[in-house]
Structures are given as C-alpha cells and as structure tokens.
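Tertiary structure, described
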Amino acid sequence: MRSTTTKLSTLLLFLNNHDANAFISSPPTAKANHPGSSTILYSQQQNSYYAAAGAPSVDMDKYNLPLEQSINEWSAVVQAETSMQQEGIFLKAKDKELFVDTLKYTLKREGGLGLLLTEIAGGREDGVGITIIEEVLADGNADKSGIVAGDSIVALTITSTNEDDGMNVKEERFGASTECFGYDATIEALTSLPPATSSDDEITLTIKRIRKQPKVTVKLQYPPYLEEPDVSIELFAGENLRRAMLTRGVKLNDKMAERFDNGGTGDCGSDGTCATCVVGVTKGKELLSPMGQTEEQILSHKPRWRMACKAVVGYG
C-alpha cells in the first residue's frame, strides 16, 4: 500500500449499532468539515433486503411499528414503467426515516387465514385503496406465523396437493396481486381463489410492512494535536460509507493523497482502484459488508483496512 503525503489528518470513527461496536481509523488522508444506528407456522419464507445491507442477520421485528402508527404512515405512489420496475400503484411510507419491507408467509388453507382486514384508504369506483391487517386472530392459521397487525397483503399464491400414483405432488395453481386494493377488491381476490382440494393445500401471502430504518451511529475522533472535538453522525443501514460521509461534510479523498493504482494523486471517483478513501477497522468489522475480490487483493497486506467506497455500513 502506498503511503499518503504528510501533514494530512488522521480520522478515527466509532461505529455503533445497538450492542455492536466498531472503530475505524483512516490513514492520513482525511479531514472533516462538520459542526459537530423462525419459527413460522407452515414455514415462513422471509426474503427481506434493505438497500445494500444484505439479508438481515438480526431480528428485524424490533423495527416494526405499532398498528396505530402504521395506519398513519401508509401511503401509495403511482409508478410509471421503467427499466427496473413495471408501472402501477405501489405502497410506500410517508416518513423518509421508515421503509417498506416485503416478506412472504406460507399458511395452511384449511380453516381460513384467521386475519381481520380493514380499509384505511379507498372508496373509489376502480377499487384502488389501502387495506391492512387489523388483527391476527388467536388460534387461526396466521397466528404465530410472523404476520402482524399493520401489514398489507400485496399478493397471493395458491399451492395445491394432488395425488399421483400414491405420491403427493405440489403444484402452484393460482396467483393474484392485491397491492393497493380497497377492502372490497381485496376480499373479492381472496374469495375468487379456487377452493382447497386437500387438507395439505397452502397459500403463500406476500405482505408489505412498514419498519423503522436501522441506523448506525458513527463517532469521529481526531488526534489531540488537531484540537478537533469529537463528532457523531448517523447513517442508515445500507448506506455506502464513502458516499454517506461525503454528503455529511466529511472529506475522505485528499487531493494530495497518492493513488494505489498509478502513483498519481487524487481519487478515482469510487471505482475502488485508487485506495485514497481507505479506512482502518480496529473493531466491529462485522458492521461492514464483506470485501470484494479486488478490494481484498489491493489491501491484502493491510487486513484491518477497508475502502470506504466499497464498504456498506450496517451490513446484516
């Protein structure tokens, strides 16, 4: 690793995510301009990803909202078709510090779902609205499944079990979308499903849930000779470390820092080749995303260093 030029400050960051801690110190390339965190009935399949934070390794239910707050935070947005998403009306959260998570739960069909639904927006002739789960009934199929009051059902998938030469064969028979449906339209979609043909028939509910965005607190500490006060900044889990710090007034790429790739100066613009935004992690490395192959090769002789441009905060 090439060393940087002298007379540049050293930056120490303290990352805290609840009971997880990390210390990050940069080589002398940084100066801050800143004033001052299943047990599911009939198998839950939870495909939950928030931003770039990866599959969660913590209990995300601690970020759930109570029913009353969920009711006030649900909203919808009309989305034009793009290369990344089809057109339609989709659920969203009003508060920018909240996010909409998507989860899947598979339940037995026999005996009903055991869910009490309520409409919080609607009354339109086209059936558009917002319907949420008001209550998960005790001892129903959804009880203890992980579904909670405030969730909104956005899709249904039926799986039936048919006998074939004495063997049970499962096959999907029907699917329906219910996102941004009013109460009547949601009930119509549920009741239009083909009847169960076996006690083993299952239904998979895709639900959306409003959650608080997990946060990470980053504490910046400077060498005593700089006489700079400690500074704390708050990052959302899934934020890129370099981008998050730059947008909060922390300069990582000094113009005089030597590049790793060609010996010149200046940064590569987060391409992960110059190593001028490198930070050294002394504790809590688990709070950052795993290294990619290129970064691992470049920093092979500095095992505690990370490229800020390639590090995602709050991973997992």
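Reading the values: the criteria
Residues numbered from 1 in each chain as written. Predicted model: local features only at pLDDT ≥ 70, side-chain atom pairs only at ≥ 80, totals over all residues. Heavy atoms only, no water. Helix = DSSP H or I, 4+ residues; strand = E, 2+ residues; numbered from the N terminus. Buried < 20%, exposed > 50% of the residue type's maximum accessible area, 1.4 Å probe, protein only. Areas by Shrake-Rupley, 256 points an atom, 1.4 Å probe, with all protein chains shown as cover. pLDDT = per-residue confidence, 0-100. Contact = heavy atoms within 4.5 Å. Salt bridge = Lys/Arg side-chain N within 4 Å of Asp/Glu carboxyl O. Pairing = 2+ DSSP bridges. Phe/Tyr/Trp six-rings, centres within 6.5 Å; stacked < 30°, edge-to-face > 60°. Lys NZ or Arg CZ within 6 Å of the ring centre and 35° of its normal.

Let's shift gears to the overall build of the protein. Looking only at helices and strands, the protein has four helices and 17 strands in total. Relative to its full complement of 316 residues, the protein shows a buried share of 44%. Roughly 16,500 Å² of accessible area belongs to the protein as shown, and the carbon and sulfur atoms make up 48% of that amount.

This paragraph deals with the confidence of the model for the protein. Across the protein, the average pLDDT comes to 76, with 71% of residues at or above 70. Confidence, read as mean pLDDT per element, is least for strand 4 (residues 44-45) in the protein (30) and greatest for strand 9 (residues 130-136) (97). Note that residues 1-12 has pLDDT below 50 and, in this model, 52 contacts with residues that lie over four places away or in other chains. pLDDT under 50 marks residues 14-51. Its contacts with residues more than four places away, or in other chains, come to 160 contacts.

Tallied over the full model, the rule gives eleven salt bridges. For the salt bridge of D101 with R211, the shortest nitrogen-to-oxygen distance reads 2.6 Å. Here D101 is found in strand 7 (residues 98-108), whereas its partner R211 is found in strand 12 (residues 202-212), with 110 residues between them in sequence. What makes D101 buried here is its relative accessible area of 1%. A salt bridge links R124 to D126; the shortest N-O distance between them is 2.6 Å. Residues participating in the shared-partner salt-bridge network are D61, D101, D151, R209 and R211.

The next point concerns the side chain of Q213. Mapped onto the fold, Q213 is located in the loop between strand 12 and strand 13 (215-221). The class of Q213 is buried, set by a relative accessible area of 10%.

Inspection of the secondary structure puts C309 in the segment after strand 17 (305-307). Note on C309: relative accessible area 8%, which makes it buried. Considered as a pair, C309 and A275 are 34 residues apart in the sequence and their alpha carbons are 8.9 Å apart. Leaving out residues up to four positions away in the same chain, C309 has contacts with N240, R242, S270, G272 and C277.

In terms of burial, strand 7 is largely enclosed, as eight of its eleven residues are buried. Pairing geometry for strand 7 and strand 12, over eleven bridges, is antiparallel. In the strand pairing of strand 12, K108 is matched with E202.

To continue, consider the packing of aromatic side chains. Applying the stated criterion across every chain yields a total of zero aromatic pairs. In this structure, K302 packs its charged tip against the face of W305, placed 5.0 Å from the ring centre.

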